[in-house]
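# Examining the three-dimensional arrangement
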Amino acid sequence: MILQEMKIQLSKVILLKDAFSEKPVVNAVRIETPQGREALLRRDGYCLFLNAGQEAFDIRILSPIYKERSVCLQPDGGEAVEEVLLYPSRAYPVRANETIVCGVLPWQTTLWVYLEDSARECRLLQDYEEGNTRISVFMQGSVNREKRTWYIWDKEKEEGEFFQMRRCSDASETYVLTSPLKTQYRKKNALLFPAWECPADENREIYLVFDYLKEKEYVLHYFYMEEEKEVCVQVEISGCRQNEYQF
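Residues numbered from 1 in each chain as written. Predicted model: local features only at pLDDT ≥ 70, side-chain atom pairs only at ≥ 80, totals over all residues. Heavy atoms only, no water.

In this section: the environment of M139. With respect to the element layout, M139 can be found in the loop between β11 (134–138) and β12 (149–154). For the pair formed by M139 and Y87, sequence separation is 52 residues and the distance between their alpha carbons is 25 Å. What M139 contacts, discounting residues up to four positions off in sequence, is C122, R145, W150, M165, E173 and Y175. (Helix = DSSP H or I, 4+ residues; strand = E, 2+ residues; numbered from the N terminus. Contact = heavy atoms within 4.5 Å.)

On to the sheet that holds strand β2 (residues 30–32). With antiparallel pairing, the three strands of this open sheet are ordered in space as β2-β5-β6. Among the strands making up the open sheet, the edge pair consists of β2 and β6 (69–73). In this sheet, adjacent strand axes meet at a mean angle of 25° when their direction is disregarded. (Pairing = 2+ DSSP bridges. Axes fitted to C-alpha atoms, helices over the stretch in contact; angles between N-to-C directions.)

What follows covers the state of the cysteines. Summed over all chains, the structure comprises zero disulfides. We note that C102 lacks a disulfide partner, and the nearest cysteine sulfur, in C198, lies 13 Å from it. The exposure class assigned to C102 is buried, which follows from its relative accessible area of 0%. (Disulfide = S-S within 2.5 Å. Buried < 20%, exposed > 50% of the residue type's maximum accessible area, 1.4 Å probe, protein only.)

Right, let's get into the side chain of T149. Relative to the assigned elements, T149 resides in strand β12. Among the residues examined, T149 registers a relative accessible area of 9% and is labelled buried. A distance of 3.0 Å separates a polar atom in the side chain of T149 from a polar atom in the side chain of Q164. The contacts of T149, once residues within four sequence positions are left out, are W112, F163, Q164, P194, A195 and W196. (Polar contact = N/O pair within 3.5 Å; in protein donor to acceptor, adjacent residues only side chain to side chain.)

Turning our eyes to something else, we now look at the pairing of β11. Here strand β10 (residues 123–124) pairs with β11 via two bridges, running antiparallel. Counterpart to R123 in the pairing with β11 is F138. Summarising the sheet, β11 and strand β14 (residues 174–177) pair through three bridges and their orientation is antiparallel. When the sheet's bridge partners are listed, I135 is paired in β14 with Y175.

So far we have only geometry, and geometry alone does not tell us how the molecule works.
Next comes the structure, spelled out in structure tokens:
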């Protein structure tokens, strides 16, 4: 009997994370892949794709408690872990004291959201100069230092922008920007808030879950594009309860 040798090649690694808690999603998930491509979903939220070849391929991520996602992956031999965020659906098991913000949009679009929250208000360690690809940030209290999406607000100019960054190292307060900020920011005037990108589903529904808010009022800011113009809206929400809005 001749045994045929089989080669197993690692093609791509992704990490499934809850979009709001930013914790790994370790269960209640199923991944559909094209024929001939194998997905190995581990119990720590990592998913390994084996023998996927060199061409980009699409996957579907299905879950009874998260909204369905389709993602196009480019094989890289597992060199870089790609984070994939999963967004809760209305079937998400809400725990005591969690805050829900939900509603239906007039059309299918993406909201960019941040909360005014003094407990998670961060500041620059030094001035940011326009065009720089790095930024120095003082992270307050229990803020997740690995968080990617942020909003920076210039309280003197009364303007700001969303951006993404990643930490240089575990001991560093310097972060690498995905792309440079649009303008200069002075540390004495700049405030930084954790932010979220929230795509509506096929029913135009938005469902946000915050697990750290207290029983008090907060101001939530959300942004979306309408005919190539950015629209900014702010609403008051109540912590530790469900907030239903007609966006």
